[in-house]
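Summary of structural features
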Amino acid sequence: VGCVPRVSAPAPAISAVCSSCQLLQQTVRGLSPVSINNLADQQQSAGNIATASQTICGGICSGVLLLDASAFSNLGVLLKEQGLLEAAISCYHIARRLEPSAARHRFRLGNSLMALNRFPEAMSHYRGSTRINPRYADAYNN
């Protein structure tokens, strides 16, 4: 069973990080969404990318961050840093469904697709991010 089946996340993608949802949920029990994100930021800043990923996944698994597009997008960034590009792409797709008006999710998706040499798809997402926000300068640099 995948960690976030209620938003149709592909189980293999998320299970790359969320091998034990119950355990991950315990690590964030009682924390607010802001506290979970702050903890993950601290872990990432300290170089603990895998731990930061697990913290966000725990927030998603527990339901605290289940509908938080930024959590899925940030998890995607962390997964990409670990070389888990397909899992990152899955997270960005979920983030886009949850928050279709955010250019950064499409931009990040484009970056992961570019890293996989899927150039036409990547360009489509870069263009999509500039349609959402014409001032999103990073998307023009790819």
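Summary of the structure given here. (Residues numbered from 1 in each chain as written. Predicted model: local features only at pLDDT ≥ 70, side-chain atom pairs only at ≥ 80, totals over all residues. Heavy atoms only, no water.)

Quick look at the overall build of the protein
- On a plain count of helices and strands, the protein comes out with nine helices and zero strands.
- Across the protein, helices and strands are ordered from the amino to the carboxyl terminus as α-α-α-α-α-α-α-α-α.
- Residues counted as buried form 44% of the 142 residues belonging to the protein.
- Of all intrachain contacts in the protein linking residues separated by at least 6 positions in sequence, the fraction that spans at least 24 positions is 53%.
- Total accessible area computed for the protein in this model is approximately 7100 Å², and 50% of it derives from carbon and sulfur atoms. (Helix = DSSP H or I, 4+ residues; strand = E, 2+ residues; numbered from the N terminus. Buried < 20%, exposed > 50% of the residue type's maximum accessible area, 1.4 Å probe, protein only. Contact = heavy atoms within 4.5 Å. Areas by Shrake-Rupley, 256 points an atom, 1.4 Å probe, with all protein chains shown as cover.)

What about helix H3 (residues 33–45)?
- Relative to the 18 Å expected for 13 residues at 1.5 Å per residue, H3 spans 18 Å between its end C-alpha atoms, a close match to the ideal helical length.
- Among the residues of H3, those classed as buried are Ile 36, Asn 37, Ala 40 and Gln 43. Along the axis of H3, the buried positions cluster into a sector of 125 degrees, meaning they face one direction only. Away from the buried face of H3 by more than 90 degrees, exposed residues Val 34, Gln 42 and Ser 45 are located.
- The elements touched by buried residues of H3 are helix H2 (21–28) and helix H4 (49–61).
- Two residues or fewer after H3 comes Gly 47, characterised by a positive phi angle close to 90 degrees. (Expected span 1.5 Å × (residues − 1). Arc of directions from axis to C-beta.)

A look at the nonpolar core
- Core analysis: the largest hydrophobic core is formed by 30 residues, its most contacted members being Ile 56, Ile 60, Leu 65, Leu 75 and Leu 79.
- Elements supplying a minimum of two residues to this core: H3, H4, helix H5 (69–81), helix H6 (85–98), helix H7 (103–115) and helix H8 (119–132).
- When residues in this core are grouped by element, the largest group, seven residues, is from H6. (Core = buried A, V, L, I, M, F, W, Y, C linked by side-chain atoms within 4.5 Å.)

Let's talk about the environment of Arg 96
- Considering the arrangement of structural elements, one finds Arg 96 in helix H6.
- A relative accessible area of 26% means that Arg 96 is categorised as partly exposed.
- With 26 residues separating them along the chain, Arg 96 and Ser 70 place their C-alpha atoms 9.6 Å apart.
- Those residues within four positions of Arg 96 in sequence are excluded, and the remaining contacts are His 105, Arg 106, Leu 109 and His 125.

Details of unusual backbone geometry
- With a phi close to 60 degrees, Asn 117 is a non-glycine residue in the positive phi region.
- Within the secondary structure, Asn 117 sits in the loop between H7 and H8.

Overview of H7
- Across its 13 residues, H7 extends 19 Å between first and last C-alpha, which sits within 8% of the 18 Å expected from 1.5 Å per residue.
- Regarding H7, the residues found buried are Ala 103, His 105, Arg 106, Phe 107, Leu 109, Gly 110, Ser 112 and Leu 113.
- Of the surrounding elements, those touching the buried residues of H7 are H5, H6, H8 and helix H9 (137–140).
- One or two positions beyond H7, positive phi appears at Asn 117, with a value near 60 degrees.

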